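Structural characterization, general
Take a look at the letters that make up each chain.
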Amino acid sequence: MPVELTKPLSWKTAQGDEATVLAELQPNIVKPHVRDHLSVLFVRFDDAREARGFLCALAGLMKSAKEHLVEVETFKVAHARGTPYVGVGLSRTGYDALGIATAPADPSFRRGMRDALTREKLADPPRSSWDVAYRDRVDAVVLVGADTDAALTARRNEVLRLVPDSVTVLGEETGLSRVNERGEGIEHFGYVDGRSQPLFLTEDIDAEKHTTDGINEWDPAAPLGQVLVSDPAAPDPSVHFGSYFVFRKLEQNVRRFKQAESDLADALGLTGDDRERAGAMLVGRFEDGTPVTSNSGPGSHSPVGNDFSYDSDDLGQKCPFHAHIRKTNPRGSGGFEDPAEERGHLMARRGQTYGERSDDPNGDEPISARPTGGVGLLFMAFNSDLGDQFEFTQQIWANNTEFPRVPEGTKPPGLDLVIGQGPRAETTYAPSWGRNGATPADPAAQAVTMKGGEYFFMPSLAFLRNL
């Protein structure tokens, strides 16, 4: 019986072909893997035979998605620590360097992120401004993640010992989780990150419903086909699957963003604790993750629920149309597609923060103490269709000044003021939360800069073992 890709998977009861999929799938795709400490190695192959041997040897350090899921359950019961994560992805040039003709067929994958057409589509900066490691051919990425620095270092050293002379390590990124006072993961602007993920396992869907007292406005369920793709070069593509992997290094100018929050609060006449609403209107959530549309103030719930929509805010009086989370997940309110089509553009995000900073992200420090560079997000996401998911989200939603569709006579939304790339126009906000009217304000200056990246395909373990 063929694997059913039109619905989520119940991993605990998976049998037959479904069980084989999980046994041959890399971790971190259908469910995030712990990677509080992360090393991302970018490599180039100069000898096909040695490169194949290297990848085959790496497979011996890798666990399957099924093994990862079992580790998660074991931790819940016995608090037994899991093993480090090793993930491997190949770019289109990587398949060429290995001499494999049956590479994945996604057009965006075949072009790559460095291609001029891709950069024009995404409004990315010129390659000459990217970090050196990303400017030329990158054949593969190797991710090593663990919950402690010691575990990461040990597994990273094992990986490096396998690297032959003909495999060049072009560069490395080091990720390190940052948390707020509640222990929840945050990005460098100080906002809880990683909420509102599409969920592909029925067990995770049921748990999400339980923690939010029943999903009424937003259902996180997503079909397997939204993240999995048959692995064309594997021994049996009917049961061996992979996923397209987006990697982008996004540098964050924290000082500039915090200044934008302050300037907006001034423009709107916000005082005291209410000044926090300025940043919430840029992001769409308060720093603790509370949606700005919520009737509850920040700090009311932990973890913050994800069961909300914009049905009660069709005029953008609570959450502005250009707010980051409204632009990148309109929850059926975009106005150009039906809700089911909109949901199909969502991707499985697996980002991680990078960079050291001397200030306390959770502290009440002056804006001048915030970093202007050297810190940011290693944006990572799994897709089944790069053009219809990642590229659609960046081009058609975040960078599109006319999205979402707004009521007649209303000023166009403009760019996503967090990740949007392009000219920024004056924006408008409701003067008071949920009240009619529009107060103009200067747009927040661009505080996120793309420093390089690439598209990869995370193949099945069966593919790697059989090289």
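Each chain has its residues counted from 1, following the order in which its sequence is written. It should be noted that, the model being predicted, local features are given only for residues of pLDDT at least 70 and side-chain atom pairs only at 80 or more, the latter also being counted only at that level, while totals for whole chains, interfaces and linings use all residues. Side-chain numbers here rest on the full set of heavy atoms in the structure, without hydrogens or water.

**Examining the packing of aromatic side chains**
- Any two rings among Phe, Tyr and Trp, with Trp reduced to its six-membered ring, count as a pair given centres within 6.5 Å; such a pair is stacked if its planes are under 30 degrees apart, edge-to-face if over 60, and tilted if neither. Tallied over the entire structure, the rule returns 18 aromatic pairs.
- For the ring pair F245 and F456, a centre distance of 6.5 Å and an interplane angle of 45 degrees mean the geometry is tilted. Residue F245 is found in strand β8 (residues 241–252), and its partner F456 is found in strand β14 (residues 448–458); the two are separated by 211 residues along the sequence.
- For the exposure calls, accessible area comes from a 1.4 Å probe over protein chains only, and a residue counts as buried if that area is under 20% of its type's maximum, exposed if over 50%, partly exposed in between. Its relative accessible area of 0% is what places F245 among the buried residues.
- Only Lys NZ and Arg CZ are tested; either one counts as a charge over a ring when it is within 6 Å of the ring centre and within 35 degrees of the ring normal. In this structure, R331 packs its charged tip against the face of F308, placed 3.7 Å from the ring centre.
- Just above the ring of W218 sits the side chain of R343; from NZ or CZ to the centre is 4.6 Å. Under the DSSP-based scheme used, a helix requires at least four consecutive residues in state H or I and a strand at least two consecutive residues in state E, with every element numbered from the N terminus.

**Thoughts on the nonpolar core**
- The biggest cluster of nonpolar side chains holds 109 residues, and the ones touching the most others in it are V30, F45, L55, L143, L228, F245 and F247.
- When residues of this core are assigned to domains, at least three fall in each of domain 1 (16–250 + 453–466) and domain 2 (253–345 + 388–452).
- Any two residues having at least one pair of non-hydrogen atoms within 4.5 Å are treated as being in contact. Among residues more than four places away in sequence, those in contact with F245 are V141, L143, M380, A381, F382, E454, Y455, F456 and M458.
- Here, nonpolar core means buried Ala, Val, Leu, Ile, Met, Phe, Trp, Tyr and Cys residues that are tied together by side-chain atoms lying within 4.5 Å of each other. Ranked by size, the runner-up nonpolar core spans five residues in total, among them W218, L346, F392 and W397. All the domain ranges listed were derived from an automatic or database domain assignment.

**So, the pattern of salt bridges**
- Each reported salt bridge corresponds to a side-chain nitrogen of Lys or Arg within 4 Å of a carboxyl oxygen of Asp or Glu. Counted under the stated rule, the structure contains 27 salt bridges.
- Between D204 and K31 there is a salt bridge, with the nearest N and O atoms lying 2.9 Å from each other. Here D204 is found in helix α9 (residues 202–211), whereas its partner K31 is found in the loop between α1 (16–24) and β1 (37–45), with 173 residues between them in sequence. Like K31, D204 is buried.
- In this structure, the salt-bridge partner of K76 is E73, at a minimum N-O distance of 3.1 Å.

**Focus on helix α11 (residues 276–283)**
- In terms of burial, α11 is a largely internal element, seven of the eight residues being buried.
- Taken together, the buried positions of α11 are R277, A278, G279, A280, M281, L282 and V283.
- Those residues of α11 hidden inside the fold are in contact with α10 (254–267), α12 (324–328) and β12 (427–429).
- In the stretch just after α11, G284 is the one whose phi turns positive, near 100 degrees.

**Overview of the pairing of β1**
- The buried fraction of β1 is high, at eight of nine residues.
- Relative to strand β4 (residues 167–176), β1 runs antiparallel, the two sharing nine bridges. In the sheet register, F42 faces β4, and the bridge partner there is G171. By the convention used here, strands pair only if DSSP detects at least 2 bridges between them.

**Focus on the UniProt feature "domain: DyP dimeric alpha+beta barrel" (unreviewed entry) in the protein chain**
- According to UniProt, the positions carrying the feature "domain: DyP dimeric alpha+beta barrel" (unreviewed entry) are residues 42–178.
- Here residues 42–178 is 45% helix and 20% strand, with 23 Å between the C-alpha atoms at its ends. UniProt positions are given in the numbering used here, feature names are shortened, and annotations may be inferred rather than shown by experiment.

**Some words on the environment of A447**
- By the secondary structure assignment, A447 is in the loop between β13 (439–441) and β14.
- Considered as a pair, A447 and F257 are 190 residues apart in the sequence and their alpha carbons are 5.7 Å apart.
- Aside from chain neighbours lying at most four places away, what touches A447 is F189, E251, Q252, N253, R256 and F257.

**Section: the domain arrangement of the protein chain**
- With domains assigned, the protein chain is organised as domain 1 (16–250 + 453–466) and domain 2 (253–345 + 388–452).
- For domain 1 and domain 2, the distance between their C-alpha centroids amounts to 29 Å.
- Reported buried area values correspond to the accessible surface (1.4 Å probe) lost by two parts on association, with both partners' losses combined. Between domain 1 and domain 2, the buried area comes to about 3500 Å², and carbon and sulfur atoms account for 51% of it.
- One can count two salt bridges joining domain 1 with domain 2.
- The shortest N-O distance in the salt bridge between D288 and R182 comes to 3.9 Å.
- The definition of a polar contact used here is a pair of N or O atoms within 3.5 Å, where within protein one atom must be able to donate a hydrogen and the other to accept one, and adjacent residues in sequence count solely through side-chain atom pairs. Remark: the boundary between domain 1 and domain 2 carries 24 residue pairs in polar contact (both at pLDDT 80 or more).
- Mapped by element, the contributors of at least two residues to the side of domain 1 that touches domain 2 are α5 (107–111), α6 (116–122), β8 and β14.
- When residue character is reported, Ala, Val, Leu, Ile, Met, Phe, Trp, Tyr, Cys and Pro are called nonpolar, Asp, Glu, Lys and Arg charged, and the others, Gly included, polar. Of the residues that constitute the side of domain 1 that touches domain 2, the class distribution is 17 nonpolar, 11 polar and 12 charged.

**Some words on the pairing of strand β3 (residues 140–146)**
- Most of β3 is tucked away, with seven of its seven residues classed as buried.
- Burial of the side chains of β3 extends over both faces: A140, V142, V144 and A146 are buried on one face and V141, L143 and G145 on the other.
- Here β1 runs beside β3; their pairing, made up of seven bridges, is antiparallel. When the sheet's bridge partners are listed, L41 is paired in β3 with V142.

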